[in-house]
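# Coordinates in review
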Amino acid sequence: MADELKLNHLTEQGNAHMVDVSEKAETKRIAIAEGFITMQAGTLATVLSHRAKKGDVIATARIAGIMAAKKTSELIPLCHPVMLSNVTIDLLPIWGDDAPATEKQASHASGPHPCGIHVVAQASLVGKTGVEMEALTAASVACLTIYDMCKAVDRGMEIVDVRLLHKEGGRSGVWDRAERQTAAVE
């Protein structure tokens, strides 16, 4: 049988526990995660024109993502509390094929998704454990905040493709999602 994957959050007896990082070296650690929230073109237009009844959706989602990254160890049971040195959240509007031509021309990005907002979260620190969970939590909560602020006009929004894109630091070094590796070569 091939080598079995060993999960470091489990003891030999199969019990969950917090991993001891006391012997690990402190290194600069960075993680980048993304998420996408689909929405109707009219909803995106409302967000970008600052006409949402609950206020500035983009600014609120950015702050919520940063706050969530800082609270990750309170949400995910076995995560270590970490001293983040930086968290950034980028929110990029994507116009789908059903958007009016004037809005498509104003789009800052394009991609395989329908109309919505692409969220990219980056977390970094110098420490003994990585920040993948902080970046993933930040991207997730930013998307959830957009949903909360826009649900009165568009309950059909969907949060999709929340995933890690990049991590660096620590013993395992640099890891990139395959699509990022391909894009870097092209």
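The notes below deal with the structure included here.

Parameters at a glance
Residues numbered from 1 in each chain as written. Predicted model: local features only at pLDDT ≥ 70, side-chain atom pairs only at ≥ 80, totals over all residues. Heavy atoms only, no water. Core = buried A, V, L, I, M, F, W, Y, C linked by side-chain atoms within 4.5 Å. Buried < 20%, exposed > 50% of the residue type's maximum accessible area, 1.4 Å probe, protein only. Helix = DSSP H or I, 4+ residues; strand = E, 2+ residues; numbered from the N terminus. Contact = heavy atoms within 4.5 Å. Salt bridge = Lys/Arg side-chain N within 4 Å of Asp/Glu carboxyl O. Pairing = 2+ DSSP bridges. Axes fitted to C-alpha atoms, helices over the stretch in contact; angles between N-to-C directions.

## What to know about the nonpolar core
Residues Ile89, Leu91, Ile117, Val119 and Ile146 are the most contacted members of the largest nonpolar core, which totals 36 residues. Of all the secondary-structure elements, those providing two or more residues to this core are strand S1 (27-38), helix H1 (41-48), helix H2 (57-70), strand S2 (86-94), strand S3 (116-127) and helix H5 (132-150). It is H5 that contributes the most residues to this core, nine residues altogether. Once residues within four sequence positions are removed from consideration, isoleucine 89 is found in contact with Arg62, Gly65, Ile66, Val119, Val120, Ala121, Ala138 and Ala142.

## Overview of the pattern of salt bridges
This model, assessed by the stated rule, comprises four salt bridges. The salt bridge involving glutamate 34 is made with arginine 163; its shortest N-O contact spans 2.6 Å. Taken together, the positions of glutamate 34 in strand S1 and arginine 163 in strand S4 (residues 158-168) put the pair 129 residues apart, joining distant regions of the chain. Notably, a salt bridge pairs lysine 71 with glutamate 74, separated by 3.8 Å at the nearest N-O pair. Lysine 71 gets classed as partly exposed once you look at its relative accessible area, which sits at 43%. Put simply, Lys54, Asp148 and Lys151 are held in one network by salt bridges that share partners.

## Concerning the sheet that holds S4
As summarised here, the arrangement of the five strands in space is S2-S3-S1-S4-S5, forming an open sheet in which the pairing is antiparallel. In the strand order of this sheet, the two ends are held by S2 and strand S5 (175-176), each with one partner. The pairing of S4 with S5 spans two bridges and is antiparallel. Across the sheet, the residue bridging to histidine 166 is aspartate 176, located in S5. Helix-sheet contacts for H2 involve S2 and S3, and the interaxial angle to S2 is about 145°.

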